[in-house]
Amino acid sequence: MICKGCHQDKKLIKAHIIPESFFIGHRVAEKSPLLMTDLAGVHPKKSPIGIYDKEILCSDCEKRFQDVDDYGQTLLLKHESSHIELKKSNSVLGYQVNGVDYQRLKLFFISVLWRASISKHKFYSKIKLGSYESKAKEIIWSGNMGAINLFSFFIAKFNDPDIGRVILDPHRERLDGVNYCRFYMYGYIIYIKVDKRITPEKYRKFELNSNGVLYMVSRDIFKSQELGIMQSIVNKKI
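To start, this report covers the structure provided alongside it. (Residues numbered from 1 in each chain as written. Predicted model: local features only at pLDDT ≥ 70, side-chain atom pairs only at ≥ 80, totals over all residues. Heavy atoms only, no water.)

Thoughts on the pattern of salt bridges
Scanning all chains against the criterion turns up 9 salt bridges. Across the pair Arg115 and Asp69 runs a salt bridge, and its minimum N-O distance is 2.9 Å. Taken together, the residues span a long stretch of sequence, with Arg115 in helix α4 (residues 102-118) and Asp69 in helix α3 (residues 66-78) at a distance of 46 residues. Residue Asp69 is classed as buried on the basis of its relative accessible area, which comes to 9%. In this structure, Lys157 and Glu80 form a salt bridge, with 3.1 Å as the shortest nitrogen-oxygen distance. Here Glu80 lies in the loop between α3 and β5 (84-88) and Lys157 lies in strand β7 (residues 153-158), a separation of 77 residues in the sequence. (Salt bridge = Lys/Arg side-chain N within 4 Å of Asp/Glu carboxyl O. Helix = DSSP H or I, 4+ residues; strand = E, 2+ residues; numbered from the N terminus. Buried < 20%, exposed > 50% of the residue type's maximum accessible area, 1.4 Å probe, protein only.)

Describing the environment of Asp220
Within the secondary structure, Asp220 sits in the loop between β11 (214-219) and α7 (225-237). Those residues in contact with Asp220 that sit more than four places away from it in its chain are Phe158 and Asn159. (Contact = heavy atoms within 4.5 Å.)

Here's the deal with the packing of α4 against helix α5 (residues 132-142)
Across the interface, α4 lies against α5 with an axial gap of 9 Å and an inter-helix angle of 135°. It follows that α4 is oblique to α5 by the angle criterion. Crossing angle aside, the handedness with which α4 passes α5 is left-handed. Between α4, through Leu107, Ile110, Ser111, Trp114, Ser117 and Ile118, and α5, the contact on the second element is made entirely by Glu133, Ala136, Lys137, Ile139, Ile140 and Trp141. Here the residues of the contact of α4 with α5 sort into 8 nonpolar, 2 polar and 2 charged. (Axes fitted to C-alpha atoms, helices over the stretch in contact; angles between N-to-C directions. Parallel < 35°, antiparallel > 145°, perpendicular 65-115°, else oblique. Left-handed = near helix turned anticlockwise from the far one by under 90°. Nonpolar A, V, L, I, M, F, W, Y, C, P; charged D, E, K, R; others polar.)

Considerations on the side chain of Glu207
Secondary-structure assignment places Glu207 in the loop between α6 (201-204) and β11. Buried charge without a salt bridge: Glu207, with Arg204 as the nearest opposite-charge side chain at an N-O distance of 6.2 Å. A polar side-chain atom of Glu207 sits 3.0 Å from a polar atom in the side chain of Ser152. Those residues within four positions of Glu207 in sequence are excluded, and the remaining contacts are Ser152, Phe153, Phe154 and Thr199. (Lys, Arg positive; Asp, Glu negative; His and termini not counted. Polar contact = N/O pair within 3.5 Å; in protein donor to acceptor, adjacent residues only side chain to side chain.)

In structure tokens, the structure reads:
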């Protein structure tokens with residue numbers, strides 16, 4: 001089959017879009033997590049190593065993502081205990097992360113975005129980049145970030161360590177008239193801008209820049225629309 005990275009006819013592998021490490025935490029007592037949907041006629045399916053696509057990449061192209069995938073996992077999962085809570089009146093309003101490698105983290109999110117766009121897996125069906133797909137690939141293959149405004153992002157984090165770890169399917173949305181793609185990654189919500197317009201002012205304070213300090217907004221899962229979505233999916237399967 002033709003690899004969508006190098007465009008050569010090569011053996012393709014089980015390529016993850018969101019790295020497997022972001023799904024491992026959903027395993028309980030060695031039991032595989034379930035992939036569930038509210039689509040009629042689609043039953044829960046075991047997903048022991050997360051969600052992958054066998055029709056997009058060869059092993060050589062998959063290796064291109066190893067460094068940035070490892071960095072994303074380390075920063076968001078392994079070093080999560082080092083994230084500084086920002087509180088007001090005992091309420092957590094956000095989190096501060098110091099010493100962030102701007103280029104590697106941005107490359108990680110762009111690589112997830114690109115892989116989701118080229119995938120035919122139903123889980124990623126709402127992510128289509130159009131003309132931005134080639135721009136994303138060019139950045140990944142060259143390692144050149146280009147303009148700061150291109151594929152800029154910000155992060156929210158659910159403040160519940162258990163229920164907030166949900167991974168819902170990613171989708172496109174408009175925030176103050178600007179196009180974004182939203183991804184869920186084991187307690188984090190990643191908003192990646194896919195638009196030539198600049199980031200809306202109220203979100204700029206959460207954008208990572210070259211000083212290496214990242215601020216994430218805190219979200220209450222019990223007051224979120226995501227909780228209702230999860231309850232709806234579970235109720236339809238009972």
